[in-house]
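Residue-level structure breakdown
One letter stands for each residue in the lines below.
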Amino acid sequence: MAYRSPLLNVMTAAALKAAKGLVRDFGELEQLQVSVSKKGPADFVSRADHRSESVLRAELTKARPTYGLLMEESGLHPGSDTSNRWVVDPLDGTTNFLHGIPHFSISIALERDGEPYAGVIYSPIPDEMFVAEKGTGAFLNGRRLRVSGRRNVEEALFATGIPFLGLANHGLFLRQLGAVMAVSSGVRRYGSAALDLAWVAAGRYDGFWENGLNAWDIAAGIVLVREAGGFVSDLAGGRKMFTGGGVLASNTALHESLIGLVAQASPHPAAAS
Ligand code: IPD
Ligand code: CA
Ligand code: CA
């Protein structure tokens, strides 16, 4: 069993505790789906999401009382320690969860002095725990991770997120998809951005891009990809991942090619650095 630092122990313990509730709720949802209208399951999932967030907040605060938190559902909770902040998505892949698709995750990052420092992404149904801490590598269930070694776009498998009802940029996304799918081995959309990044770190995907994600979707995944030897930037190759520039991650060999393909689809560079 690989050594895990006290910090990663805190993060994984919190994720496992919150995941217990999510797994129970995911099971119960199957019963609900058959018997009630759409609103029933959606409300149920929203409660599951909030319960997960409460458990994570309680556990992380118990372990590190001075740290602040940025949580998807309840927002900002400032701490007296201004260097360290948890950035948390209590349920990433909500739409999958709602539809009974077992691809969802809990994402916890520690941001230190404004930079992602440690990340834990837990996918409860396959029981996959992805962890990374700056300078110490990335691991999946104790096994060291490396990004893929593929160098050619023609052999590469990419992941992305497709904008849905209520989001902007549908036309831009279609142009990006057109550029990438025409020259690569394929493009996947599995519905959890946190896991998309974790899977890039694991070498399952050769790259990932998505427009307009939030800090809680990507902070943990950024640490994982970097610690697995990969590269993360905004869509234009800059550092505006947390300020609307989108996110693009891959191994170093493919990074420039993916930026080029995505940029080719954008009339205005998404984020100049
Ligand atoms: C969503 C997922 C999805 C991405 C969306 C996110 P949520 O997060 O990460 O893959 O395409 O943009 O909002 O709502 O399930 O936490
Ligand atoms: Ca999310
Ligand atoms: Ca969420």
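Attention here is on the structure that accompanies the text.

Parameters at a glance
Residues numbered from 1 in each chain as written. Chains lettered and ligands numbered in written order. Predicted model: local features only at pLDDT ≥ 70, side-chain atom pairs only at ≥ 80, totals over all residues. Heavy atoms only, no water. Pairing = 2+ DSSP bridges. Helix = DSSP H or I, 4+ residues; strand = E, 2+ residues; numbered from the N terminus. Axes fitted to C-alpha atoms, helices over the stretch in contact; angles between N-to-C directions. Contact = heavy atoms within 4.5 Å. Buried < 20%, exposed > 50% of the residue type's maximum accessible area, 1.4 Å probe, protein only. Expected span 1.5 Å × (residues − 1). Arc of directions from axis to C-beta. Phe/Tyr/Trp six-rings, centres within 6.5 Å; stacked < 30°, edge-to-face > 60°.

A sheet is described by the order of its strands in space; here five strands give the open sequence 10-9-11-13-12, paired in mixed fashion. Both edges of this open sheet fall to strand 10 (186-188) and strand 12 (231-233), since each of them pairs with a single strand only. Each neighbouring strand pair of the sheet contributes to a mean axis angle of 20 degrees, computed without reference to strand direction. Direction of pairing for strand 9 (residues 157-160) relative to strand 11 (residues 207-210): parallel, over a ladder of three bridges. Counted as the bridge partner of A159 is F208 from strand 11. Here helix 4 (residues 170-181) sits on the sheet in contact with strand 9, strand 10 and strand 11, set at roughly 165 degrees to strand 11. Strands strand 9, strand 11 and strand 13 (247-250) of the sheet are contacted by helix 5 (residues 193-201), whose axis makes an angle of about 155 degrees with strand 11.

Looking at the secondary structure, you find I101 in the loop between helix 3 (94-98) and strand 4 (105-112). Of the residues examined, I101 reaches a relative accessible area of 40% and is grouped as partly exposed. Each C-alpha atom of the pair I101 and I125 lies 9.9 Å from the other, and the pair is 24 residues apart in sequence. Filtering out sequence-adjacent residues up to four positions away, I101 remains in contact with F26 and N96.

A word on the sheet that holds strand 8 (residues 143-144). If you trace the eight strands from one edge of the open sheet to the other, you get 2-1-3-4-5-6-7-8, paired in mixed fashion. Of all the strands in the sheet, just strand 2 (75-77) and strand 8 have a single pairing partner and so form its edges. Where strand 5 (residues 115-123) and strand 6 (residues 128-133) come together, six bridges link them in antiparallel fashion. When the sheet's bridge partners are listed, I121 is paired in strand 6 with F130.

Let us look at helix 4. Note on helix geometry: an α-helix contains 3.6 residues per turn, so any two residues three or four positions apart are oriented the same way. For helix 4, built from twelve residues, the straight-helix expectation of 16 Å at 1.5 Å per residue is met to within 8% by its first-to-last C-alpha distance of 16 Å. Where helix 4 is concerned, the buried positions are L172, F173, Q176, L177, A179 and V180. Angularly, the buried residues of helix 4 cover 165 degrees about the axis, an arc narrow enough to put them on a single face. Pointing more than 90 degrees away from the buried face of helix 4 are the exposed residues L174 and M181. In this fold, the buried residues of helix 4 make contact with strand 9, strand 10, strand 11 and helix 7 (252-264).

Here we take up the packing of aromatic side chains. The final tally for this structure, using the stated rule, is eight aromatic pairs. Aromatic side chains F26 and F97 sit 5.3 Å apart centroid to centroid with 55 degrees between the ring planes, which places their arrangement in the tilted category. In this pair, F26 is assigned in helix 1 (residues 6-35) and F97 in helix 3, connecting sequence segments 71 residues apart. When sorted by exposure, F26 lands in the same class as F97, which is buried. Between F173 and W209 the ring centres are 6.4 Å apart and the planes differ by 20 degrees, which places this aromatic pair in the stacked class.

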